[in-house]
Amino acid sequence: VYTSSGWTAVDADTESKTKGLFGVALGTSSATDGLLTYGIIESSGFSSFSAGDTLYVSTTEGAITSTAPTASGDFVRVVGYGLGSNRIFIRPSEDYIELS
């Protein structure tokens, strides 16, 4: 997500790392490779997602998951959908909720 300090890894344990502009790194350096904030991306790193999966910010820093966080104090935000074949559609919701 993009913060006042620049891009930082997402983490559903922390509100400031859940809210705001969301992007997926297109390479090893956001400065030179860029980030995808909306659209389809293909990578072998997305092999655990199935077509139709809803994707969320993970409680593991820097990751997305097909399992919504469930612990009290975690933040839930949808960031996209699985398309299968190592592809995901990034379409981040502007909304997020804190679990109590």
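Refer to the preceding data block for the structure.
Small disclaimer: the values here were computed from a predicted structure and weren't measured.

Among the surface-exposed residues, Tyr-2, Trp-7 and Leu-21 lie close enough to one another that they form a single nonpolar patch of about 310 Å² accessible area. As for its position among the elements, Trp-7 is in strand β2 (residues 6-7). For Trp-7, a relative accessible area of 32% gives the class partly exposed.

Moving on, we come to the sheet that holds strand β9 (residues 78-84). Remark on secondary structure: sheet strands pair via backbone hydrogen bonds, oriented parallel or antiparallel. Strand order in the open sheet formed by five strands is β5-β10-β9-β6-β7, with antiparallel pairing between adjacent strands. Every other strand in the sheet has two partners, leaving β5 (39-42) and β7 (64-65) as the edge strands with one partner each. In this structure, β5 lies alongside strand β10 (residues 87-90), joined through four bridges in antiparallel fashion. Among the inter-strand pairings, Gly-39 is bridged to a residue of β10, identified as Ile-90.

So, on to the nonpolar core. Ranked by internal contacts, the top residues of the largest apolar core, which has 15 residues, are Phe-22, Ile-41, Phe-46, Ile-64, Ile-88 and Ile-90. Looking at this core, the elements with two or more residues in it are β6 (54-57) and β10. Non-local contacts of Phe-46, meaning those with residues more than four positions away in its chain, are made with Val-24, Ile-41, Ile-64, Asn-86 and Ile-88.

Basis of the calculations
- The residue count restarts for each chain, going from 1 along the sequence in the order it is written.
- Totals for whole chains, interfaces and linings use every residue, but because this is a predicted model, local features are given only for residues with pLDDT of at least 70 and side-chain atom pairs only at 80 or more, for both listing and counting.
- To obtain the side-chain values, all non-hydrogen atoms of the structure were included, while hydrogens and water were left out.
- Patch construction takes residues with relative accessible area above 30% that form no salt bridge. Like charges are linked within 9 Å, and nonpolar side chains (Val, Leu, Ile, Met, Phe, Trp, Tyr) are linked within 5 Å.
- Reported accessibility uses the Shrake-Rupley method at a 1.4 Å probe radius. Residues are deemed covered only where the shown protein chains occlude them.
- By convention in these notes, a salt bridge is any Lys or Arg side-chain nitrogen within 4 Å of a carboxyl oxygen on Asp or Glu.
- Segments assigned H or I by DSSP are reported as helices when at least four residues long, segments assigned E as strands when at least two residues long, and all are numbered from the N terminus.
- For every residue, the accessible area obtained with a 1.4 Å probe (protein chains only) is divided by the maximum for its type, and the residue is called buried under 20%, exposed over 50%, and partly exposed between those limits.
- DSSP bridges decide pairing: two strands pair if at least two such bridges lie between them.
- Residues belong to one nonpolar core when they are buried, are Ala, Val, Leu, Ile, Met, Phe, Trp, Tyr or Cys, and are joined through side-chain atoms within 4.5 Å.
- Note on contacts: a residue pair qualifies if any of its non-hydrogen atoms lie within 4.5 Å across the two residues.

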